[in-house]
Each structure stands twice: as C-alpha cells, then as structure tokens.
Amino acid sequence: MRSEQFASIKALLERVFANSPFYRRKFGEAGLTAESIKSPEDFLKIPYSDKEELRLAYPLGLLSVDQDEIIRIHSSSGTTGSPVIIPYTRQDVEDWTEMFARCYEIAGITKKDVIQITPGYGLWTAGIGFQAGAEKLGAMAVPMGPGNTEKQLQMMIDLKSTVLCATSSYALLLSEEVERRGIKDKIHLKKGVIGSERWGDLMRKRIREGLDIELFDIYGLTEIYGPGIAIDCEHHKGMHFFDDFLYFEIIDCNTGEVLPDGEFGELVVTTLRKEGAPLVRYRTHDLTRIIPEKCPCGRSYPMIDRIIGRTDDMVKVKGVNIYPGQVDSILKDIPGVSSEYQIVIDHRNGKDTLTLRVEKEPDCDRSDLDSMIMDCFKKKIGIKIHVEPVAFGQLPRSEKKSKRVLDYRVK
Ligand code: ZN
C-alpha cells in the first residue's frame, strides 16, 4: 500500500464512521474506531464486507451522505433476496466516467471511433457507464441496448461502427449472424470491449475471427461503480486497474488471509474516493491475482489477471485450492484434448484423491495423454492426480453451465 493510498483510506474511514450507519454498526461490533487504524498493518484488522450484508441494508442503508446529494441509484440484480441499491453522488458519477474514459483510451479507442453499446440501460450499471465514458472521450456513442439483432446489424453497417461493447454471449451471437448473412465485408468493427462472465479461449477465438476484431476484457461490478474499473491494454497481459480510485487485495477465500502478489485468490476492493456508498474491503467473490510484473506498455496502473472463476466454483484438495479456470488453462495447451472435462474428488484410505476425466478429440490416438496431463498438473497446481481419458462425446453436455466438479467427500 502506498502512502497516498493509506491517506485516502484514513479519510475514507473517517467519512464512513461519521456518516454511514452500515459501517458504524459493523465496525462498532468489531470494536474498531477510525482512530484505531494508524498504519497499513492496522488496515488488515478491518473485517471484510460481503454482499449478503449489503442486501440487509436495502433500500438505502448504505447511504453515507445526505440523500439530496444523490443524483442517481443503480442496483445489482438479486437472484435471491433483496437487490443491493447503490446511491451515486455527482462526484461518483464523474469518477466512474473518468475511469471508463481511461478504459477506452487504454484500449486505443479515440474520439474518431463510433461505439456501439449493446449492454442494457436502466437499473443495471452497464449501458450507461459505456455511454458516459464514450461521451467523455468524445467518441460517437450509438446507444442500442441489448437485442433486436436486425436493427443492431443495420446500424452497425450504416453508421460504420468501429467498436462493439457487449457481453461475450451477445458478441458471439452477432458474429455468427454476420457470418450467416455473409455481410462481413460491410462491417467496419475494429475492436470489441467485452464485459462478461468468465469466457474461454475458444469463444474468444470465434468472436475475434468472426468479426475480425481485437478483444479487450473490461471488468467491474455494480457495488463498485460498475464496469470500467479495469481493462486490458494492447499487450493483453492482464487488466490494468485504477489504483488512485480503488485499493485491490487478493485473499484466500477460506482463511481470509491476504495473499502475496502473483497468487490466485478472491479479489477484495476498497473504494478510495466513493461518496454515496463507499465500501471497505468488499469481497467480490471473483478469482484472480495481482500480476507482479510490469506491463510492456509502460502504464503505471497495476494489473490483475483475467477472472478465472467465482469462489463458489473453488475446491480444496490435499490443502491446495483448485479452480476450474486453472484446469481450463492447463488443458487448452495440450493437443488432442477437447474442451470438456470433469473433476472427480473422493476421499479414500484417509487421503483426498482427484481424478480428471478428459475427452480426447475424435482423431486423437496418443497413448501418453494421461501422463502428459499429470505432469502439467503437478507442475502448475502442485498436486498429483489421476487422469482418465475418455472418448469424444462421453462427458455430459449442458445447455447451461456444465457441472465440472463432482465432490464425493463426506462434508
Ligand atoms: Zn499495459
């Protein structure tokens, strides 16, 4: 933590102790006062905040300023229970817009570009964030919102859109539609800014080739402004994030211990400047790592890695945390393996065992596939596993998310 970041955190704590009923109660229960946090080491004593608690503050319990300072709210979808409502001051909206404009700049997008925005507008933060950033940059925004593919493609052709903002699934749909209609030569897209759930390399390749564009991962969540708090640059080595607005930590999601740079774990975010609903040590449940190396682009903003999954997807075997995203990334480099796999965990003779079932590509006749995968797994994840190659098509397919992990251990 840099000294100016700690100074921002001190000021943030004073603000939330004075004005946020949510944090006053939470920190009061933990026996903390704003004065008790004197050093970056003391900061580590502050308990994490979680989405469940934010839900309990519905509707406006997170408010940390007078309500007449609020100019807008957004809300994160509640699949279960109450949604979380995040109030924004004018400054919050400007700060978010500033970060978003930086994202576009980092992706090499300029005021000459025509930016077609397909994420939704409304309570959700997506569309309006893409829009505000584009306007600040001075580019021409085409605020389509989602769906209506017919009109979407018409506008894309007639207005010569050069940038597509979309989720990965909608970008894929558009690219398949462009291909099906044979209109690729009428499309002027150069770049795609994709804010999304975790998406694999295969999908990236199909979108990149289908639309002939360079892809940029943009990251964010409604509780922390929205999308636009991190993006990859032209080197695609990781996503730069804005450490003058946000403080990032990576923790072991089981023990809560802060992990050193370079190790994968759960991203925890503290908002350094947010006014309407500041958050202190907020658990995102997204899994990534802080990349210790400097980016060749020379920008001073540090980087996180691509999001490799959610904490709910993680399993612990023989004391090691394993995420399906890591298995994806090991298998994609092994020739002859299809994209489908299953992780089977059991407990036998007092020991955890992990069996990885992998499908062979139809034309694969390698006999050393299992030992090759075992070696890679040992090298990259650090544990010995069993590998069971099966014929192509043997593992179940699912319309929705495939179930990758079968854990038969008695809890
Ligand atoms: Zn860079």
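Residues numbered from 1 in each chain as written. Predicted model: local features only at pLDDT ≥ 70, side-chain atom pairs only at ≥ 80, totals over all residues. Heavy atoms only, no water.

1. Comments concerning the overall build of the protein chain
Then, number 1: Helix and strand counts for the protein chain stand at eleven helices and 21 strands.
Then, number 2: For a compact globule of 411 residues, the expected C-alpha radius of gyration is about 22 Å, and the protein chain comes in at 23 Å, within 12% of that figure.
Then, number 3: C-alpha atoms of the protein chain, sized along the principal axes, occupy 65 × 65 × 45 Å.
Then, number 4: Within the protein chain, residue pairs in contact and separated by at least 24 positions form 64% of the contacts whose partners lie at least 6 positions apart.
Then, number 5: A total accessible area of about 19300 Å² is found for the protein chain, and carbon and sulfur atoms account for 50% of it. (Helix = DSSP H or I, 4+ residues; strand = E, 2+ residues; numbered from the N terminus. Rg over C-alpha atoms; globule rule 2.2 N^0.38 Å. Contact = heavy atoms within 4.5 Å. Areas by Shrake-Rupley, 256 points an atom, 1.4 Å probe, with all protein chains shown as cover.)

2. Details of the coordination of the zinc ion
Then, number 1: Coordination sphere of the zinc ion, protein contribution only: C233 (SG), H240 (NE2), C295 (SG) and C297 (SG), at 2.1 to 2.3 Å.
Then, number 2: One way to put it: the four donor atoms around the zinc ion meet at angles of 104 to 119°, and that makes the site tetrahedral.
Then, number 3: Sequence spacing of the donor residues for the zinc ion, all on one chain, is C-x6-H-x54-C-x1-C. Of this pair, H240 sits in strand 9 (residues 239–241) while C297 sits in the loop between strand 13 (290–291) and strand 14 (303–304), and the two are 57 residues apart along the sequence. (Donors = N, O, S within 2.8 Å, 3.2 Å for Na, K, Ca; no water. Tetrahedral: all angles 85-135°; square planar, octahedral: opposite > 155°, others 65-115°.)

3. Here's the deal with a nonpolar patch on the surface
Then, number 1: Among the surface-exposed residues, L60, I73 and L123 lie close enough to one another that they form a single nonpolar patch of about 230 Å² accessible area.
Then, number 2: When you line up the elements, L123 lands in the loop between strand 3 (114–117) and helix 6 (126–137). (Patch = residues over 30% accessible without salt bridge, like charges linked within 9 Å, V, L, I, M, F, W, Y side chains within 5 Å. Salt bridge = Lys/Arg side-chain N within 4 Å of Asp/Glu carboxyl O.)

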